[in-house]
Each structure stands twice: as structure tokens, then as C-alpha cells.
Amino acid sequence: MARLPAILALAASMILTASPACAQQTEEEAMAEAAASATVTKVFQLPEGSRPHDAAPAPDGKVWYTAQRQGALGILDPDTGAVRQVPLGADSAPHGVIQGPDGAAWITDGGQNAIVRYDPKTEKIDVWKLPEGAGYTNLNTGAFDGDGIHWFTGQNGIYGRIDPRTGEMDVFKDPEGRGPYGIAATPSGEIYYVSLAGSHLARVDGKTGEATIIEPPTADVGTRRVWADSQGHLWISGWNSGELYRYTPASGEWKSWKLPGDKPKAYAVYVDDRGIVWVSDFGANAVLAFNPETESWRSFPGSGPEANVRQILGRAGEVYLPESGTDRLMIVYTGTP
């Protein structure tokens, strides 16, 4: 990241000298404009056959990813390019990974039908199997609510929670059956998830665990992932419809934007620290950055054919694009500190 200030300074210099009109800008204005538009991408090769599914920020500037095909948690050091993988157990096939409030990696492991925790300080691995009565749940994604409870989804029709302090786990059935997929917490700590097969959004009552269904304005849109921005708006990807949706819980208002291109397939969605909305588009083999203020799109092509970015996460100044189809991880440095 130390190279970014130099890159921005160069961009600002180019703005200042590009034309007489640009020359009227102050240095601060030029730097601000450069920071808004400058991005640097870097691609990291991961172990062959790892099929990285999700990625998340890890401590000390590192990045975690789930090596779904190899039953491991991957750890990438972007400064050196070094990669290592930590096996998670027999039959492991991890789907989602996030960093918990405790600084540990929390993993939804579909192969083990379990929630897995990896402590980066001790490298200890904890595994909490779902209750036998839950059956195979096809675990998907996790999120922490405002009380520090870890919530998760399973495509076979469930969502659930585990209290990290006690290990107590509850599993609930989605009111409409199969499909729970993406899940996210709002700035106020409320939990929402979306159902791919059910094409709905759901708000979860943190106390009772009850899910309240919220239907999109049109049917069968294939709601796949959800993310909350700093204002509490929920951004949702429509896999079937090829649209990006915004739902405002305070007003109940929906708004949508069609992704550019002929046959968009919106998969992952993430809002960065600047309020830019990132969406992976399988149809275009690209990840799109959407500016809600200007309603404009910017495209970041995959590093190879059928890159298939299945989840997007990041931290201030960085956006992580795990390419499950190329066994690579692309980092977009957005120019913010």
C-alpha cells in the first residue's frame, strides 16, 4: 500500500498538466479527483484447484479466502505474494468466510455441515456441527449482528445462529423453503438475508429468530447476495433479472438498475468505504463498480475467461475479488487510505 500515495501523486500531476482548464485546479482538488478515479489492480495466483469462493480481510493486512475444492482456509500476504492454506478437517468444503469481532475467521463449511472458527494467533480450529435433525443444509454465508451473535444461511432452506461465547446454536426454517443465500448486518446491527430460490429478502428478529419476508417489486429476480451501506440501505444482486436493487428499510422503497450488457448475471454485491457498489457479472466476465450518485458503471474484466467472482469483500482502500474460475485473487486498490 505504500506505493499508492506515489500513484495518486502521479495521477494528480497528470491532471494538473493535462490542459489549461485543469491547471486552474488547486493541488488539493487535483488529489481529490485523482483519488476518486485512480485504481490499481493486482492479481495473485492461488494454488491450482483451490477454487476460491469467498474472501475477507484478515489481520495484519492479510486476506483470507475459502479454498472450496481443497477444504482449506487460504491466507494471502499481498505485500509478499506468499500464500498458504490451512486444512479445516475431513470432508471440508468451505463456502463463506468473514472476520468476526474477535479477529478470527468464521467459516460456513458446507462439506462439514458446520460453522468453523480459525484463530490467527494460535491457529486453533473450532468446529461446531449443525444439529443432526437439521440434515444437510448446504451452508452458505455468515454475518455478525450487533450483539456479537453469528448468523448464517443454508441453501436447503435454513438460517441459523451461534453464540460464540457459549457455542449454543439454533437453526430455523425459511418460511418459503429452499434458497437462503447471502446475509448481511446493517450499521445498527440488524440481520437481513436473501433467498436465491425463493427470490425474497428477509429481516430476522434477533431475539426470537423469526424471519419476516420482504418481497421485491417483481417476482423471480433471484436475490443472491445482500450488503448494507453506511446509511442502512440494502443492496441486493438479482441473479435471474441481471439487476442491482436497493431496498431502504426505513421507507420500504425499492429501486433498481439494470446492469449494462446483453445478458447480465448479477452474483456478488459489496459496498466499499466510499459508497461505491461492486457487483460481479458472470454474463460479462467482469466486476462492475456502480456510483449511486452519478448512476454510472465502471468495469473491471476478469483476469481470465470465466473468472466467476462469487463474493466481494474488502476494507478501506481495498476490494477483494476471488476468481473461482481461474484460481486467482484480484485486489483493487481504490486510492483511499
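In this report, the structure presented in the accompanying data block is examined. (Residues numbered from 1 in each chain as written. Predicted model: local features only at pLDDT ≥ 70, side-chain atom pairs only at ≥ 80, totals over all residues. Heavy atoms only, no water.)

### Looking at the sheet that holds strand β14 (residues 180–185)
Phase 1: The sheet built from four strands is open, its strands ordered β14-β15-β16-β17 with antiparallel pairing. Taken across any chain shown, the strands that pair with only one partner, and hence form the sheet edges, are β14 and β17 (211–214). If you compare each strand with its neighbour and ignore which way they point, the axes differ by 25° on average.
Phase 2: Two elements, strand β16 (residues 200–204) and β17, share four bridges in a ladder whose sense is antiparallel. (Pairing = 2+ DSSP bridges. Helix = DSSP H or I, 4+ residues; strand = E, 2+ residues; numbered from the N terminus. Axes fitted to C-alpha atoms, helices over the stretch in contact; angles between N-to-C directions.)

### Considerations on the packing of aromatic side chains
Phase 1: Within the structure shown, the criterion is met by 17 aromatic pairs.
Phase 2: A ring pair is formed by Trp 239 and Phe 282, whose centres lie 5.3 Å apart and whose planes are at 85°; its orientation type is edge-to-face. Of this pair, Trp 239 sits in the loop between β19 (234–238) and β20 (243–248) while Phe 282 sits in the loop between β23 (277–281) and β24 (286–291), and the two are 43 residues apart along the sequence.
Phase 3: Given a relative accessible area of 17%, Trp 239 falls into the buried group.
Phase 4: Phe 282 sits in the partly exposed class, given a relative accessible area of 21%.
Phase 5: These aromatic residues form a ring-pair network of at least three members: Trp 151, Tyr 159, Phe 172 and Tyr 193.
Phase 6: Looking at Arg 224, its charged tip hangs above the ring of Trp 239, at a distance of 4.6 Å from the centre. (Phe/Tyr/Trp six-rings, centres within 6.5 Å; stacked < 30°, edge-to-face > 60°. Buried < 20%, exposed > 50% of the residue type's maximum accessible area, 1.4 Å probe, protein only. Lys NZ or Arg CZ within 6 Å of the ring centre and 35° of its normal.)

### What to know about the nonpolar core
The nonpolar side chains of a soluble globular protein tend to be buried with one another.
Phase 1: With 41 residues, the main nonpolar core has Trp 64, Leu 73, Ile 115, Trp 278, Ile 312 and Leu 321 as its most contacted residues.
Phase 2: Beyond its immediate sequence surroundings of up to four residues, Trp 278 is in contact with Ala 268, Val 269, Tyr 270, Asp 272, Val 287, Leu 288, Ala 289, Phe 300, Ile 312, Val 319, Val 332 and Thr 334.
Phase 3: The next biggest cluster of nonpolar side chains, apart from the first, holds 13 residues, and it includes Ala 184, Ala 228, Leu 234 and Tyr 245. (Core = buried A, V, L, I, M, F, W, Y, C linked by side-chain atoms within 4.5 Å. Contact = heavy atoms within 4.5 Å.)

### Focus on the side chain of Asp 54
Phase 1: By secondary structure assignment, the location of Asp 54 is in strand β2 (residues 52–57).
Phase 2: A distance of 3.3 Å separates a polar atom in the side chain of Asp 54 from a polar atom in the side chain of Arg 225. (Polar contact = N/O pair within 3.5 Å; in protein donor to acceptor, adjacent residues only side chain to side chain.)

### Observations concerning the pairing of strand β11 (residues 150–154)
Phase 1: Burial within β11 is extensive, with five of its five residues counted as buried.
Phase 2: Side chains of β11 alternate between two faces, with His 150, Phe 152 and Gly 154 and Trp 151 and Thr 153 buried alike.
Phase 3: Here four bridges tie strand β10 (residues 139–144) to β11, and the two strands are oriented antiparallel to one another. Residue pairing across strands places Gly 142 opposite Phe 152, the latter belonging to β11.
Phase 4: Taken together, β10 and the strand that follows it, β11, pair antiparallel across an intervening segment of five residues, in which Gly 148 is found at a positive phi of about 80°.
Phase 5: Here five bridges tie β11 to strand β12 (residues 158–162), and the two strands are oriented antiparallel to one another. The residue bridging Phe 152 from the neighbouring strand is Gly 160, located in β12.

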